[in-house]
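For reference, the chains in residue letters:
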Amino acid sequence: MDEADGIILITLKDLGCEIENETIKDFDSEMVYKCILAYLRVINEQKVINLTNTLPKNMSARVNACSLIANIIKDSGYRMELSYHNLLYPNVNDIRKIFIFLGQLLPKKEVESGGVNIQKLEDQICQYLQGCVKESWIPYFCPFSKRIPGNYSTATLFTTTGGNLRIPSRGRQLKVTPGLEQYYSEYLEPLTLQTNRFEDIAPSVFEYNLSIYAEAQERDNEWNNKGASSGMNPIDYRKNKQKQVLSKMNDSIRQSIIDGGNNQISSNCNSGDSFLDIISEFRGNSLDVGGQFNRKKAFTNELINNDSTTTTTTTTTKVETEIETEEQRQLKRQAEIDALQSQIDEITESIQLHNKEMMDFLSLMRQSESENLEQDQQREVLEKQYKIKKKTFSLLDDAEGNMKELQSLCNQTSSNLLEMSGEWEKVRKPIIEKYRSLKDKQNNQADETKSKLDRIKEMRILIKKLVSEVQQKDEQFQQLQDQYKQAPKDSNRSQYTRRILETVKNIKKQKVDIDKVLLDTKNLQKEINTITDTAVRTFELVKDLLYNDAKKDQTAKQAIKSFAIIDDKFQKLFKTIDETGNFQNNILNLNSKIEHVSQKTNTLNSDRVVQDLKNIKSENQSLIKQIKTLMETKN
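Definitions and cut-offs
- Residues numbered from 1 in each chain as written.
- Predicted model: local features only at pLDDT ≥ 70, side-chain atom pairs only at ≥ 80, totals over all residues.
- Heavy atoms only, no water.
- Helix = DSSP H or I, 4+ residues; strand = E, 2+ residues; numbered from the N terminus.
- Buried < 20%, exposed > 50% of the residue type's maximum accessible area, 1.4 Å probe, protein only.
- Contact = heavy atoms within 4.5 Å.
- Areas by Shrake-Rupley, 256 points an atom, 1.4 Å probe, with all protein chains shown as cover.
- Core = buried A, V, L, I, M, F, W, Y, C linked by side-chain atoms within 4.5 Å.
- Patch = residues over 30% accessible without salt bridge, like charges linked within 9 Å, V, L, I, M, F, W, Y side chains within 5 Å.
- Salt bridge = Lys/Arg side-chain N within 4 Å of Asp/Glu carboxyl O.
- Expected span 1.5 Å × (residues − 1).
- Arc of directions from axis to C-beta.
- Disulfide = S-S within 2.5 Å.
- Lys, Arg positive; Asp, Glu negative; His and termini not counted.
- Charge placed at Lys NZ, Arg CZ, Asp CG, Glu CD.
- Axes fitted to C-alpha atoms, helices over the stretch in contact; angles between N-to-C directions.
- Parallel < 35°, antiparallel > 145°, perpendicular 65-115°, else oblique.
- Left-handed = near helix turned anticlockwise from the far one by under 90°.
- Nonpolar A, V, L, I, M, F, W, Y, C, P; charged D, E, K, R; others polar.
- Phe/Tyr/Trp six-rings, centres within 6.5 Å; stacked < 30°, edge-to-face > 60°.

J.: Just checking my understanding: could you explain the overall build of the protein chain for this structure?
T.: Scanning the protein chain from N- to C-terminus turns up 18 helices and two strands. The buried share of the protein chain, reckoned over its 635 residues, is 15%. Excluding contacts between residues fewer than 6 apart, the proportion of contacts in the protein chain whose partners are at least 24 apart in sequence is 51%. For the protein chain, the computed accessible surface area is about 51600 Å², with 57% contributed by carbon and sulfur atoms.

Below is the structure:
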């Protein structure tokens, strides 16, 4: 421990503490307070900025200062028991542990290059990044964002000109899509020009990468949950899924076209902007003459023509009359508007009539189609009945001969059926056996594939865990390597290595001593076991001899009684020996505990504790007097 104390004293002198003592045993509470305060000022000065350089004279202030320092050391990660009394009444072992812990928390030596402090710069970068991590990201178009000062109403929602970033892709898509490589090399804008603002480049790239990662993760989850159990490889599974999606889209579009054709006939003229009406226009429905778009176009052309005619008539009247009042112009315009309105009403009425006629026509067509279907079904049934009756009537002319021919045909067909059934059984047996074997094989393969898939899933989970562990260990290795590079490589290292070698030697010596003690105990136990076995055997032998002699001799009977008394005494003696051994062990344990407690309390001065208690009582009495005087002055 002298070497550890020497290292602690060297570090304290480096921190600026004026130390006159040569060992830590001579430190009093005043010196311990100053040394711990020097450590904490280097580690984190803000926590101890309000504390004085020396212990205050007042006892309550001393207790408060020591308790505050104890709490700061505990918050730093100290796991031993620590309170204010450990600092006011210091113990050598406790103070040494505190100094070693605080020495581990000291910052490493700072490397300066070119007048710039790298450690401070790294600390500033870490503080800035920690603040950025704690803050929640707000987009630039949000009114609470700090990125755009001024008017926020003009901020656009999209960061790029086209909505999303366009980044060149490589691989199979370049071969499948013709001209894509030329577009990427000649026409696609660079990434820095695709955003509206320079500050939006990084968020746009992050969003693009996140969307690609999310899509890949979703694809992997879908493959793990559904695709792996389908029995297909990933490419076939993707193609099958694409086919299913396309077939569903085709079915939905086809159904919407059918529904659109029916709804177009029954809809008003104002519903022409819907998707179903556009589909019906592309279908070129023969029932709608010219289409709704053509009707609107014709109507607008008619309005334009009417306007042109009215304008020409007004110009001619202007030339003829040259002077015309404003009221007459308004009357003429009103008349023209009324005429156009009447035309519009007539056209709308005609459109409605046409729509009604078309509805009636469609209903008639549907009725006729349903009647035609029913008649076709009836015709097929009647044709079958007619053929059967025609054959039966042709056979009625020679009924007996036909019956005989039918009988012979039946007999022949039955014999043929029997032969065919025998031949079929010969062919059927190997086919059924082969089918059953293949079915069993397929079931076994399905079970094997299922078990393999389960194993693959487990292996994937294990691989992910191992990858995460490897990453964590790599990070830990990097941190330890950085700490090793930053660790001071001075003369103190030789002291540490010497101490380690001495402790190893001491441990080896203790191990040799422990092995010797264990061998001795084993030998003693063996001797005790052999002695007890011989004693038991001799006791049984003597007992048998005495019992045999007691039948003939009276002295043998008295010998049996005395032998029993001797046995009881020896049993009691064994018990007392065992109890004395247990008592000795307990005494040794209590002595070790007493030594441990005495080491803790050897530096505790009872006179000083009593004096501190008297000081506290006097301070309490003075405070009570001050409170009473304050109360009297208020009253």
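J.: What is the right way to look at the nonpolar core in this model?
T.: Nonpolar side chains tend to gather and get buried jointly when the protein is soluble and globular. Counting 37 residues, the largest nonpolar core has Leu12, Phe27, Ile36, Ile73, Ile98 and Phe99 as its most contacted members. For this core, the secondary structure elements donating two or more residues are helix H1 (2–15), helix H2 (29–43), helix H3 (59–75), helix H4 (84–88) and helix H5 (92–105). Top contributing element to this core by residue count: H2, with nine residues.

J.: I'm lost on a nonpolar patch on the surface in this one. Help?
T.: Taken together, the side chains of Ile566, Phe570, Leu573, Phe574 and Ile577 make up a nonpolar region of the molecular surface, amounting to roughly 480 Å² of accessible area. Among the structural elements, phenylalanine 570 can be located in helix H17 (residues 554–601). The class for phenylalanine 570 is partly exposed, based on a relative accessible area of 44%.

J.: How should H3 be read in this particular structure?
T.: An α-helical turn contains 3.6 residues, so any two residues separated by three or four positions project in the same direction. Taking 1.5 Å per residue, 17 residues should reach 24 Å; H3 reaches 24 Å between its end C-alpha atoms and fits that length. Looking only at H3, the buried set comprises Met59, Arg62, Ala65, Cys66, Ile69, Ala70, Ile72 and Ile73. Angular distribution of buried residues about the axis of H3 spans 160 degrees; they occupy a single face of the element. Directly beyond the C-terminal end of H3, a positive phi value near 120 degrees is found at glycine 77.

J.: Sorry if this is basic, but what is going on with the state of the cysteines here?
T.: Linking two cysteines covalently through their sulfur atoms gives a disulfide. A complete count under the given rule lists zero disulfides for this structure. Free of any disulfide, cysteine 17 has its nearest neighbouring cysteine sulfur in cysteine 35, separated by 4.4 Å.

J.: I keep staring at a negative patch on the surface and nothing clicks. Help me out?
T.: Taken together, the side chains of Asp397, Asp398, Glu400 and Glu405 define an acidic patch exposed on the protein surface. Relative to the helices and strands, glutamate 400 resides in helix H15 (residues 399–486).

J.: Whenever I open this one, the packing of H2 against H3 confuses me. Can you help?
T.: Angle between the axes and distance between the axes are the two parameters that describe a pair of packed helices. Running from amino to carboxyl end, H2 crosses H3 at an angle of 40 degrees, the nearest separation of the two axes being 12 Å. What the angle tells us is that H2 and H3 run oblique. Crossing hand, H2 versus H3: left-handed. Contact residues: H2 offers Glu30, Tyr33, Ile36 and Leu40, while H3 offers Arg62, Ala65, Ile69, Ile72 and Ile73. In terms of residue class, the contact of H2 with H3 is made up of seven nonpolar, no polar and two charged.

J.: Just checking my understanding: could you explain the packing of H2 against H5 for this structure?
T.: Where H2 contacts H5, the two axes come as close as 9 Å, and the packing angle between them is 15 degrees. The angle between H2 and H5 places the two elements in the roughly parallel class. When the axes of H2 and H5 are compared, the crossing they make is left-handed. Counted together, Val32, Cys35, Ile36, Tyr39, Leu40 and Ile43 of H2 and Ile95, Ile98, Phe99, Leu102, Gly103 and Leu105 of H5 form the full contact between these two elements. Classifying every residue of the contact of H2 with H5 gives eleven nonpolar, one polar and no charged.

J.: Sorry, what's going on with the pattern of salt bridges here?
T.: Side-chain pairing between opposite charges can occur once the charged atoms of the two side chains come close. For the structure shown, the criterion picks out five salt bridges. Arginine 62 is the partner of glutamate 30 in a salt bridge, and the nearest nitrogen-oxygen pair spans 4.0 Å. Of this pair, glutamate 30 sits in helix H2 while arginine 62 sits in helix H3, and the two are 32 residues apart along the sequence. Across the salt bridge formed by glutamate 222 and lysine 241, the nearest N and O atoms sit 2.9 Å from each other. Of this pair, glutamate 222 sits in helix H10 (residues 201–227) while lysine 241 sits in helix H11 (residues 234–266), and the two are 19 residues apart along the sequence. Residue classification places lysine 241 among the partly exposed residues on the basis of a relative accessible area of 36%.

J.: What is the right way to look at the environment of aspartate 549 in this model?
T.: For aspartate 549, the position within the fold is in helix H16 (residues 492–550). Along the primary structure aspartate 549 and isoleucine 560 are separated by eleven residues, whereas in three dimensions their C-alpha atoms are 9.9 Å apart.

J.: Hey, could you run me through the packing of aromatic side chains in this one?
T.: Here the distance between the centres and the angle between the planes together describe a pair of aromatic rings. Following the criterion strictly, the structure yields five aromatic pairs and no others. Centre to centre, the rings of phenylalanine 27 and phenylalanine 99 are 6.4 Å apart; their planes meet at 70 degrees, and the pair counts as edge-to-face. On the criterion of sequence distance, the pair formed by phenylalanine 27 in the loop between H1 and H2 and phenylalanine 99 in helix H5 is long-range, its members being 72 residues apart. Pair check on accessibility: phenylalanine 27 and phenylalanine 99 agree, each one buried. Geometrically, the ring pair formed by tryptophan 223 and tyrosine 237 is edge-to-face, given 5.8 Å between the ring centres and 65 degrees between the ring planes. On the criterion of sequence distance, the pair formed by tryptophan 223 in helix H10 and tyrosine 237 in helix H11 is long-range, its members being 14 residues apart. Each of the two residues, tryptophan 223 as well as tyrosine 237, counts as buried. Following the ring pairs from residue to residue traces out a cluster consisting of Phe27, Tyr39 and Phe99.

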